[in-house]
Amino acid sequence: MAQTISLPIAGPQAPCDPFAQRLAEDGQTLTRRSLDTLQLNLGKMCNLACHHCHVEAGPSRTEIMPWDVISRILAWLDRHRQTLGVSVVDLTGGAPEMNPHFRRLVQELRLRGLHVLDRCNLTILLEPGYEDLCEFLASHRVEIVASLPCYLEQNVDQQRGRGVFHSSIEALRRLNAAGYGRPDSGLRLDLVYNPVGFGLPPAQQALEADYKRQLGARFGIVFNRLWTITNMPIQRFEHQLRRQGRYEAYMQKLMAAHNPANVDAVMCRSLVSVGWQGAVYDCDFNQMLQMPLGAGSAPFDADEHTTERYSKKLWELTPAELIGRRISTAAHCFGCTAGAGSSCTGALS
Ligand code: SF4
Ligand code: SF4
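A brief report on the enclosed structure follows. Note that this is a predicted model, so its numbers are computed, not measured.

## Some words on the overall build of the chain
Next, step 1: Scanning the chain for helices and strands turns up 13 helices and 8 strands.
Next, step 2: A globule of 349 residues ought to have a C-alpha radius of gyration of about 20 Å, and the chain, at 19 Å, matches this closely.
Next, step 3: Principal-axis analysis of the C-alpha atoms gives the chain an extent of 55 × 45 × 35 Å.
Next, step 4: Considering only residue pairs separated by 6 or more positions, the chain has 75% of its internal contacts joining residues 24 or more positions apart.
Next, step 5: Element-wise, carbon and sulfur atoms account for 51% of the exposed surface of the chain, whose accessible area totals about 14000 Å².
Next, step 6: Counting 35 positive and 35 negative side-chain charges, the chain places the centres of these two groups 2 Å from one another.

Structural data, given as C-alpha coordinates:
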(Lines give C-alpha, C1' and ligand atoms only; values in the text may rest on other atoms or scores of the structure.)
(Ligands and ions follow the chains in the order given, each with its own letter.)
Protein backbone atom coordinates (compact mmCIF):
# COMPACT_ATOMS: atom_id res chain seq x y z
CA MET A 1 0.00 0.00 0.00
CA ALA A 2 1.39 3.42 -0.95
CA GLN A 3 2.71 5.73 1.71
CA THR A 4 0.58 8.84 2.23
CA ILE A 5 1.49 12.41 2.95
CA SER A 6 -0.45 14.80 5.16
CA LEU A 7 -2.63 17.12 3.23
CA PRO A 8 -3.02 20.67 4.41
CA ILE A 9 -6.21 21.51 6.23
CA ALA A 10 -8.02 23.83 3.89
CA GLY A 11 -7.06 27.44 4.37
CA PRO A 12 -8.53 30.61 2.90
CA GLN A 13 -9.66 30.24 -0.68
CA ALA A 14 -7.11 31.30 -3.30
CA PRO A 15 -7.93 34.62 -4.98
CA CYS A 16 -7.93 32.91 -8.41
CA ASP A 17 -10.99 30.87 -7.51
CA PRO A 18 -13.93 32.80 -9.02
CA PHE A 19 -16.44 30.40 -7.48
CA ALA A 20 -15.14 31.03 -3.97
CA GLN A 21 -15.17 34.76 -4.69
CA ARG A 22 -18.79 34.59 -5.79
CA LEU A 23 -19.75 32.65 -2.65
CA ALA A 24 -17.97 35.23 -0.50
CA GLU A 25 -19.77 38.09 -2.25
CA ASP A 26 -23.07 36.40 -1.48
CA GLY A 27 -22.07 35.62 2.11
CA GLN A 28 -22.20 31.86 1.43
CA THR A 29 -19.90 29.07 2.55
CA LEU A 30 -19.62 25.53 1.24
CA THR A 31 -18.98 22.79 3.78
CA ARG A 32 -19.96 19.12 3.96
CA ARG A 33 -23.15 18.77 5.95
CA SER A 34 -23.54 14.98 5.99
CA LEU A 35 -22.29 11.86 4.28
CA ASP A 36 -25.27 10.04 2.81
CA THR A 37 -23.48 8.77 -0.28
CA LEU A 38 -20.08 7.22 -0.84
CA GLN A 39 -19.15 7.40 -4.50
CA LEU A 40 -16.50 4.89 -5.56
CA ASN A 41 -14.65 5.30 -8.83
CA LEU A 42 -13.81 1.69 -9.64
CA GLY A 43 -11.43 2.61 -12.44
CA LYS A 44 -10.98 4.43 -15.71
CA MET A 45 -11.40 1.52 -18.08
CA CYS A 46 -14.45 1.82 -20.32
CA ASN A 47 -15.64 0.12 -23.48
CA LEU A 48 -16.53 3.59 -24.87
CA ALA A 49 -14.49 6.81 -25.22
CA CYS A 50 -17.08 9.60 -25.33
CA HIS A 51 -16.15 13.11 -26.49
CA HIS A 52 -17.41 14.81 -23.33
CA CYS A 53 -16.01 12.30 -20.78
CA HIS A 54 -14.67 14.10 -17.70
CA VAL A 55 -12.88 10.91 -16.60
CA GLU A 56 -11.04 10.58 -19.92
CA ALA A 57 -12.03 6.94 -19.72
CA GLY A 58 -11.55 4.45 -22.53
CA PRO A 59 -10.62 0.88 -23.47
CA SER A 60 -6.87 1.51 -23.08
CA ARG A 61 -7.03 2.87 -19.51
CA THR A 62 -5.60 0.41 -17.02
CA GLU A 63 -6.44 2.04 -13.66
CA ILE A 64 -8.67 -0.38 -11.76
CA MET A 65 -9.47 -0.29 -8.03
CA PRO A 66 -7.80 -3.43 -6.60
CA TRP A 67 -9.43 -5.72 -4.04
CA ASP A 68 -7.13 -4.67 -1.20
CA VAL A 69 -8.40 -1.09 -1.60
CA ILE A 70 -12.01 -2.28 -1.80
CA SER A 71 -11.62 -4.37 1.35
CA ARG A 72 -10.21 -1.37 3.26
CA ILE A 73 -13.16 0.71 2.11
CA LEU A 74 -15.58 -2.01 3.28
CA ALA A 75 -13.83 -2.15 6.66
CA TRP A 76 -14.06 1.66 6.93
CA LEU A 77 -17.78 1.47 6.13
CA ASP A 78 -18.23 -1.19 8.81
CA ARG A 79 -16.53 1.10 11.34
CA HIS A 80 -18.18 4.39 10.48
CA ARG A 81 -21.36 4.04 8.46
CA GLN A 82 -23.71 4.11 11.45
CA THR A 83 -22.07 7.25 12.81
CA LEU A 84 -22.14 8.93 9.43
CA GLY A 85 -25.47 7.60 8.18
CA VAL A 86 -24.07 6.41 4.84
CA SER A 87 -26.96 4.70 3.05
CA VAL A 88 -25.98 4.75 -0.63
CA VAL A 89 -22.88 3.50 -2.41
CA ASP A 90 -22.63 4.94 -5.90
CA LEU A 91 -20.42 2.90 -8.25
CA THR A 92 -18.89 4.79 -11.14
CA GLY A 93 -15.92 4.66 -13.50
CA GLY A 94 -15.12 4.32 -16.47
CA ALA A 95 -17.47 1.44 -16.80
CA PRO A 96 -17.58 0.25 -13.17
CA GLU A 97 -18.74 -3.19 -14.28
CA MET A 98 -15.34 -3.73 -16.00
CA ASN A 99 -13.63 -3.85 -12.62
CA PRO A 100 -13.08 -7.60 -12.07
CA HIS A 101 -14.22 -7.21 -8.43
CA PHE A 102 -17.48 -5.43 -9.32
CA ARG A 103 -19.83 -8.34 -8.55
CA ARG A 104 -18.11 -9.29 -5.31
CA LEU A 105 -18.26 -5.68 -4.18
CA VAL A 106 -21.96 -5.42 -5.00
CA GLN A 107 -22.63 -8.60 -3.02
CA GLU A 108 -20.68 -7.28 -0.03
CA LEU A 109 -22.52 -3.95 -0.08
CA ARG A 110 -25.93 -5.58 -0.36
CA LEU A 111 -25.10 -7.96 2.49
CA ARG A 112 -24.59 -4.82 4.59
CA GLY A 113 -28.04 -3.54 3.57
CA LEU A 114 -26.64 -0.62 1.58
CA HIS A 115 -28.43 0.78 -1.45
CA VAL A 116 -26.17 0.29 -4.50
CA LEU A 117 -26.30 2.47 -7.55
CA ASP A 118 -24.53 1.49 -10.78
CA ARG A 119 -23.66 4.24 -13.27
CA CYS A 120 -24.02 2.17 -16.40
CA ASN A 121 -23.24 3.20 -19.97
CA LEU A 122 -25.78 0.59 -21.20
CA THR A 123 -23.56 -0.76 -24.00
CA ILE A 124 -21.46 -2.74 -21.50
CA LEU A 125 -24.49 -5.03 -21.03
CA LEU A 126 -24.01 -6.24 -24.61
CA GLU A 127 -20.26 -6.85 -24.47
CA PRO A 128 -18.93 -10.42 -24.54
CA GLY A 129 -18.56 -11.73 -21.00
CA TYR A 130 -21.26 -9.41 -19.62
CA GLU A 131 -24.33 -11.16 -21.06
CA ASP A 132 -25.63 -12.12 -17.60
CA LEU A 133 -24.88 -8.73 -16.00
CA CYS A 134 -28.45 -7.50 -16.35
CA GLU A 135 -29.80 -10.47 -14.37
CA PHE A 136 -27.05 -10.09 -11.77
CA LEU A 137 -27.95 -6.43 -11.21
CA ALA A 138 -31.65 -7.23 -10.99
CA SER A 139 -31.14 -10.11 -8.55
CA HIS A 140 -29.15 -7.79 -6.23
CA ARG A 141 -31.69 -4.97 -6.57
CA VAL A 142 -29.05 -2.57 -7.86
CA GLU A 143 -30.37 0.79 -9.03
CA ILE A 144 -29.24 1.67 -12.54
CA VAL A 145 -28.40 5.17 -13.66
CA ALA A 146 -27.82 4.97 -17.40
CA SER A 147 -26.39 7.57 -19.76
CA LEU A 148 -28.48 8.37 -22.81
CA PRO A 149 -27.73 11.93 -23.94
CA CYS A 150 -30.61 12.02 -26.43
CA TYR A 151 -33.50 9.98 -27.80
CA LEU A 152 -32.19 10.61 -31.33
CA GLU A 153 -29.61 8.31 -32.88
CA GLN A 154 -27.54 11.01 -34.55
CA ASN A 155 -26.97 12.97 -31.35
CA VAL A 156 -26.05 9.94 -29.26
CA ASP A 157 -23.65 8.55 -31.86
CA GLN A 158 -22.06 11.97 -32.31
CA GLN A 159 -21.16 12.17 -28.61
CA ARG A 160 -20.56 8.52 -27.73
CA GLY A 161 -19.51 6.80 -30.95
CA ARG A 162 -21.08 5.11 -33.95
CA GLY A 163 -23.65 2.44 -33.15
CA VAL A 164 -23.96 3.42 -29.47
CA PHE A 165 -27.58 4.52 -29.82
CA HIS A 166 -28.76 1.15 -31.14
CA SER A 167 -26.73 -0.76 -28.55
CA SER A 168 -28.19 1.46 -25.82
CA ILE A 169 -31.75 0.77 -27.02
CA GLU A 170 -31.08 -2.98 -27.04
CA ALA A 171 -29.63 -2.75 -23.51
CA LEU A 172 -32.67 -0.80 -22.30
CA ARG A 173 -34.94 -3.50 -23.76
CA ARG A 174 -33.03 -6.14 -21.80
CA LEU A 175 -33.26 -4.07 -18.62
CA ASN A 176 -37.00 -3.63 -19.10
CA ALA A 177 -37.34 -7.39 -19.70
CA ALA A 178 -35.58 -7.97 -16.36
CA GLY A 179 -38.12 -5.68 -14.68
CA TYR A 180 -36.10 -2.43 -14.61
CA GLY A 181 -38.16 0.73 -14.97
CA ARG A 182 -41.45 -1.18 -14.69
CA PRO A 183 -44.02 0.12 -12.22
CA ASP A 184 -44.06 -1.82 -8.93
CA SER A 185 -40.95 -3.93 -9.75
CA GLY A 186 -38.84 -1.91 -7.31
CA LEU A 187 -36.03 -2.04 -9.90
CA ARG A 188 -35.19 1.56 -10.53
CA LEU A 189 -33.88 2.70 -13.91
CA ASP A 190 -33.05 6.38 -14.35
CA LEU A 191 -31.63 7.90 -17.52
CA VAL A 192 -29.09 10.71 -17.68
CA TYR A 193 -29.21 13.49 -20.25
CA ASN A 194 -26.32 15.83 -20.88
CA PRO A 195 -26.29 18.44 -23.65
CA VAL A 196 -24.82 17.29 -26.95
CA GLY A 197 -23.79 20.88 -27.81
CA PHE A 198 -22.55 23.77 -25.69
CA GLY A 199 -25.74 24.86 -23.95
CA LEU A 200 -27.18 24.29 -20.51
CA PRO A 201 -29.66 21.44 -20.10
CA PRO A 202 -33.34 22.25 -20.77
CA ALA A 203 -35.96 21.91 -18.01
CA GLN A 204 -35.71 18.41 -16.56
CA GLN A 205 -39.42 17.68 -16.20
CA ALA A 206 -40.38 18.69 -19.74
CA LEU A 207 -37.45 16.77 -21.22
CA GLU A 208 -38.36 13.69 -19.19
CA ALA A 209 -41.85 13.79 -20.73
CA ASP A 210 -40.30 14.02 -24.21
CA TYR A 211 -37.97 11.07 -23.51
CA LYS A 212 -40.84 8.96 -22.18
CA ARG A 213 -43.00 9.74 -25.19
CA GLN A 214 -40.25 9.14 -27.75
CA LEU A 215 -38.69 6.02 -26.25
CA GLY A 216 -42.10 4.56 -25.43
CA ALA A 217 -43.66 5.15 -28.85
CA ARG A 218 -40.65 4.16 -30.94
CA PHE A 219 -39.12 1.33 -28.91
CA GLY A 220 -41.58 0.41 -26.14
CA ILE A 221 -39.01 1.42 -23.52
CA VAL A 222 -39.97 2.55 -20.00
CA PHE A 223 -37.87 4.13 -17.27
CA ASN A 224 -38.38 5.94 -13.96
CA ARG A 225 -36.80 9.40 -14.04
CA LEU A 226 -34.64 11.48 -16.36
CA TRP A 227 -31.77 13.39 -14.76
CA THR A 228 -30.34 16.38 -16.61
CA ILE A 229 -26.65 17.08 -16.04
CA THR A 230 -24.55 20.02 -17.20
CA ASN A 231 -21.36 19.23 -19.11
CA MET A 232 -18.45 20.12 -16.84
CA PRO A 233 -15.78 22.30 -18.50
CA ILE A 234 -12.99 19.91 -17.56
CA GLN A 235 -10.91 17.18 -19.19
CA ARG A 236 -12.19 15.97 -22.60
CA PHE A 237 -15.02 18.51 -22.79
CA GLU A 238 -12.65 21.31 -21.83
CA HIS A 239 -10.19 20.22 -24.54
CA GLN A 240 -13.03 20.21 -27.05
CA LEU A 241 -14.13 23.70 -25.96
CA ARG A 242 -10.60 25.04 -26.20
CA ARG A 243 -9.98 23.44 -29.61
CA GLN A 244 -13.10 25.18 -30.89
CA GLY A 245 -12.31 28.51 -29.19
CA ARG A 246 -15.45 28.26 -27.04
CA TYR A 247 -13.99 27.77 -23.55
CA GLU A 248 -14.24 31.39 -22.41
CA ALA A 249 -17.76 31.76 -23.78
CA TYR A 250 -18.89 28.55 -22.06
CA MET A 251 -17.41 29.66 -18.73
CA GLN A 252 -19.08 33.05 -19.09
CA LYS A 253 -22.37 31.29 -19.76
CA LEU A 254 -22.03 29.18 -16.60
CA MET A 255 -21.00 32.13 -14.46
CA ALA A 256 -23.79 34.35 -15.78
CA ALA A 257 -26.32 31.60 -15.00
CA HIS A 258 -25.03 31.02 -11.43
CA ASN A 259 -27.97 30.62 -9.08
CA PRO A 260 -27.03 31.12 -5.39
CA ALA A 261 -30.08 29.07 -4.36
CA ASN A 262 -28.37 25.97 -5.80
CA VAL A 263 -25.34 26.26 -3.49
CA ASP A 264 -27.26 24.73 -0.63
CA ALA A 265 -28.00 21.55 -2.60
CA VAL A 266 -24.77 20.78 -4.49
CA MET A 267 -23.84 17.12 -4.14
CA CYS A 268 -20.54 17.67 -2.30
CA ARG A 269 -22.64 18.74 0.71
CA SER A 270 -23.54 15.11 1.32
CA LEU A 271 -21.09 12.94 -0.65
CA VAL A 272 -17.42 12.09 -0.98
CA SER A 273 -15.76 10.56 -3.99
CA VAL A 274 -13.09 7.87 -3.65
CA GLY A 275 -10.49 7.24 -6.34
CA TRP A 276 -9.15 3.91 -7.58
CA GLN A 277 -6.40 3.80 -4.94
CA GLY A 278 -8.62 5.03 -2.12
CA ALA A 279 -7.83 8.78 -2.16
CA VAL A 280 -10.70 11.05 -1.13
CA TYR A 281 -12.15 14.02 -3.01
CA ASP A 282 -15.11 16.33 -2.46
CA CYS A 283 -16.66 15.07 -5.70
CA ASP A 284 -15.88 13.14 -8.87
CA PHE A 285 -15.05 16.35 -10.75
CA ASN A 286 -12.48 17.38 -8.16
CA GLN A 287 -11.05 13.89 -8.41
CA MET A 288 -10.48 14.31 -12.14
CA LEU A 289 -8.87 17.71 -11.54
CA GLN A 290 -6.50 16.23 -8.93
CA MET A 291 -7.96 18.33 -6.13
CA PRO A 292 -7.90 15.91 -3.20
CA LEU A 293 -9.91 16.58 -0.08
CA GLY A 294 -8.46 19.39 1.97
CA ALA A 295 -6.33 20.79 -0.83
CA GLY A 296 -7.91 24.24 -0.70
CA SER A 297 -8.81 25.69 -4.06
CA ALA A 298 -5.38 25.23 -5.61
CA PRO A 299 -5.14 22.08 -7.71
CA PHE A 300 -2.57 19.66 -6.39
CA ASP A 301 0.56 20.17 -8.50
CA ALA A 302 1.01 16.62 -9.65
CA ASP A 303 -0.18 14.16 -12.26
CA GLU A 304 -3.27 12.11 -11.51
CA HIS A 305 -1.41 8.96 -10.49
CA THR A 306 0.82 10.81 -8.04
CA THR A 307 -2.14 12.64 -6.56
CA GLU A 308 -4.11 9.44 -6.15
CA ARG A 309 -1.17 7.54 -4.71
CA TYR A 310 -0.01 10.06 -2.16
CA SER A 311 -3.23 11.69 -1.03
CA LYS A 312 -4.97 10.77 2.18
CA LYS A 313 -7.01 7.59 1.92
CA LEU A 314 -10.59 7.06 3.06
CA TRP A 315 -9.50 4.62 5.79
CA GLU A 316 -7.20 7.28 7.24
CA LEU A 317 -10.08 9.67 7.86
CA THR A 318 -12.51 9.81 10.76
CA PRO A 319 -16.12 11.05 10.46
CA ALA A 320 -15.12 14.24 12.27
CA GLU A 321 -12.59 14.99 9.52
CA LEU A 322 -15.27 14.72 6.84
CA ILE A 323 -18.31 16.47 8.27
CA GLY A 324 -18.22 20.24 8.54
CA ARG A 325 -15.14 20.41 6.36
CA ARG A 326 -14.84 23.13 3.76
CA ILE A 327 -15.21 21.97 0.16
CA SER A 328 -12.37 22.62 -2.30
CA THR A 329 -13.73 24.70 -5.15
CA ALA A 330 -12.61 26.18 -8.47
CA ALA A 331 -14.18 27.68 -11.58
CA HIS A 332 -15.71 24.38 -12.71
CA CYS A 333 -18.08 24.51 -9.71
CA PHE A 334 -20.24 26.96 -11.66
CA GLY A 335 -21.22 23.87 -13.66
CA CYS A 336 -23.09 22.67 -10.56
CA THR A 337 -24.89 25.92 -9.78
CA ALA A 338 -25.73 27.33 -13.24
CA GLY A 339 -29.37 27.48 -14.25
CA ALA A 340 -31.43 24.73 -12.65
CA GLY A 341 -28.25 23.31 -11.12
CA SER A 342 -26.60 19.98 -11.76
CA SER A 343 -25.55 17.02 -9.66
CA CYS A 344 -25.05 13.30 -10.07
CA THR A 345 -28.79 13.02 -9.43
CA GLY A 346 -29.81 15.65 -11.96
CA ALA A 347 -31.13 19.20 -11.63
CA LEU A 348 -31.14 20.86 -8.21
CA SER A 349 -34.07 23.22 -8.58
S1 SF4 B 1 -19.39 5.79 -21.07
FE2 SF4 B 1 -19.08 7.26 -19.39
S3 SF4 B 1 -17.09 6.71 -18.51
FE4 SF4 B 1 -17.22 5.69 -20.51
S5 SF4 B 1 -16.20 7.13 -21.90
FE6 SF4 B 1 -18.40 7.58 -21.98
S7 SF4 B 1 -18.71 9.21 -20.45
FE8 SF4 B 1 -16.70 8.27 -20.03
S1 SF4 C 1 -17.84 20.66 -8.73
FE2 SF4 C 1 -17.78 19.35 -6.95
S3 SF4 C 1 -16.94 20.67 -5.33
FE4 SF4 C 1 -17.66 22.01 -6.95
S5 SF4 C 1 -19.77 22.53 -6.34
FE6 SF4 C 1 -19.86 20.78 -7.75
S7 SF4 C 1 -19.92 19.01 -6.40
FE8 SF4 C 1 -19.18 20.74 -5.17
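## Some details on the packing of aromatic side chains
Next, step 1: In total, this model carries 7 aromatic pairs according to the counting rule given.
Next, step 2: Judged by centre distance (6.4 Å) and plane angle (85 degrees), the ring pair of Tyr-193 and Tyr-211 falls under edge-to-face. Taken together, the residues span a long stretch of sequence, with Tyr-193 in strand 5 (residues 189–193) and Tyr-211 in helix 7 (residues 204–219) at a distance of 18 residues.
Next, step 3: For Tyr-211, a relative accessible area of 1% puts it in the buried group.
Next, step 4: Ring centres of Phe-198 and Phe-237 lie 6.1 Å apart, and the angle between their planes is 20 degrees; on these two criteria the pair is classed as stacked. Of this pair, Phe-198 sits in the loop between strand 5 and helix 7 while Phe-237 sits in helix 8 (residues 235–243), and the two are 39 residues apart along the sequence.
Next, step 5: By relative accessible area, Phe-237 is classed as buried at 2%.
Next, step 6: Its end group placed over the ring of Phe-136, Arg-103 keeps NZ or CZ at 5.1 Å from the ring centre.
Next, step 7: One cation-aromatic arrangement involves Lys-212 over Phe-223; the distance from NZ or CZ to the ring centre is 5.2 Å.

## What about the pattern of salt bridges?
Next, step 1: Per the stated rule, a full pass over the model turns up 17 salt bridges.
Next, step 2: In this structure, Asp-90 engages Arg-119 in a salt bridge whose closest nitrogen and oxygen atoms are separated by 2.8 Å. Of this pair, Asp-90 sits in strand 2 (residues 88–92) while Arg-119 sits in strand 3 (residues 115–120); the two residues are 29 residues apart in sequence, bridging distant segments of the chain. For the pair Asp-90 and Arg-119, one class covers both residues: buried.
Next, step 3: Measuring nitrogen to oxygen at the nearest pair gives 3.0 Å for the salt bridge that ties Arg-188 to Asp-190.
Next, step 4: Taking relative accessible area as the criterion, Asp-190 reaches 0% and is therefore assigned buried.
Next, step 5: Each of Arg-33, Asp-264 and Arg-269 takes part in salt bridges that share partners, so that together they form one network.

## Looking at the site of ligand 1
Next, step 1: Taken together, Cys-46, Leu-48, Ala-49, Cys-50, Cys-53, Ala-57, Gly-94, Asn-121 and Arg-160 are the residues near ligand 1.
Next, step 2: Here the residues of the shell around ligand 1 sort into 6 nonpolar, 2 polar and 1 charged.

## Some thoughts on the sheet that holds strand 5
Next, step 1: Spatially, 6-5-4-3-2-1-7-8 is the arrangement adopted by the 8 strands of the open sheet, whose pairing is mixed. In this open sheet, the two edge strands, each paired with only one partner strand, are strand 6 (226–228) and strand 8 (280–281).
Next, step 2: For strand 1 (residues 37–41) and strand 7 (residues 271–274), the ladder comprises 4 bridges, and the chain directions are parallel. Directly across from Gln-39, in strand 7, lies its bridge partner Ser-273.

## Side note on the pairing of strand 5
Next, step 1: The buried count for strand 5 comes to 5 of 5 residues, which makes it a mostly enclosed element.
Next, step 2: A two-sided burial pattern is seen for strand 5, the buried positions comprising Leu-189, Leu-191 and Tyr-193 on one face and Asp-190 and Val-192 on the other.
Next, step 3: Of the strand pairs in this sheet, strand 4 (residues 143–147) and strand 5 are connected by 4 bridges, and their pairing is parallel. For Ser-147, the partnering residue across the bridge sits in strand 5 and is Val-192.

## Quick notes on the side chain of Thr-37
Next, step 1: Residue placement: Thr-37 occurs in strand 1.
Next, step 2: Classification of Thr-37 as buried rests on a relative accessible area of 15%.
Next, step 3: With residues near it in sequence (within four places) discarded, Thr-37 still touches Val-88, Asp-90, Ser-270, Leu-271 and Val-272.

## Quick look at the nonpolar core
Next, step 1: Leu-91, Leu-191, Tyr-211 and Leu-215 are the most contacted members of the largest nonpolar core, which has 100 residues in total.
Next, step 2: In terms of residue count, the dominant contributor to this core is helix 2 (residues 67–84) (8 residues).
Next, step 3: Excluding residues that lie within four positions of it along the chain, Leu-215 makes contacts with Leu-148, Tyr-151, Ile-169, Leu-191, Gly-220, Ile-221 and Phe-223.
Next, step 4: Val-145, Val-192, Trp-227 and Ile-229 belong to the second largest nonpolar core, which has 5 residues in total.

## Details of the environment of Val-142
Next, step 1: With respect to the secondary-structure elements, Val-142 resides in the loop between helix 4 (133–139) and strand 4.
Next, step 2: Once you skip the residues sitting within four places of it in the chain, Val-142 turns out to touch Val-106, Val-116, Leu-117, Asp-118, Leu-137 and Tyr-180.

## Examining helix 1 (residues 18–25)
Think of an α-helix as turning once every 3.6 residues; residues three or four places apart then point the same way.
Next, step 1: For helix 1, the full list of buried residues reads Phe-19, Ala-20 and Leu-23. Mapping the buried residues of helix 1 onto a view down its axis gives an arc of 100 degrees, with all of them on the same face. Residues of helix 1 that are exposed and point over 90 degrees away from its buried face: Ala-24 and Glu-25.
Next, step 2: Next to the buried residues of helix 1 lie helix 13 (334–337).
Next, step 3: Two to three positions downstream of the cap, the backbone nitrogen of Phe-19 sits 3.0 Å from a side-chain oxygen, assigning the N-cap of helix 1 to Asp-17.
Next, step 4: Gly-27 occupies a position one or two residues after helix 1 and carries a positive phi of about 70 degrees.

What counts, and where the lines are drawn
- Residues numbered from 1 in each chain as written.
- Chains lettered and ligands numbered in written order.
- Predicted model: local features only at pLDDT ≥ 70, side-chain atom pairs only at ≥ 80, totals over all residues.
- Heavy atoms only, no water.
- Helix = DSSP H or I, 4+ residues; strand = E, 2+ residues; numbered from the N terminus.
- Rg over C-alpha atoms; globule rule 2.2 N^0.38 Å.
- Contact = heavy atoms within 4.5 Å.
- Areas by Shrake-Rupley, 256 points an atom, 1.4 Å probe, with all protein chains shown as cover.
- Lys, Arg positive; Asp, Glu negative; His and termini not counted.
- Charge placed at Lys NZ, Arg CZ, Asp CG, Glu CD.
- Phe/Tyr/Trp six-rings, centres within 6.5 Å; stacked < 30°, edge-to-face > 60°.
- Buried < 20%, exposed > 50% of the residue type's maximum accessible area, 1.4 Å probe, protein only.
- Lys NZ or Arg CZ within 6 Å of the ring centre and 35° of its normal.
- Salt bridge = Lys/Arg side-chain N within 4 Å of Asp/Glu carboxyl O.
- Near = heavy atom within 4 Å.
- Nonpolar A, V, L, I, M, F, W, Y, C, P; charged D, E, K, R; others polar.
- Pairing = 2+ DSSP bridges.
- Core = buried A, V, L, I, M, F, W, Y, C linked by side-chain atoms within 4.5 Å.
- Arc of directions from axis to C-beta.
- Polar contact = N/O pair within 3.5 Å; in protein donor to acceptor, adjacent residues only side chain to side chain.

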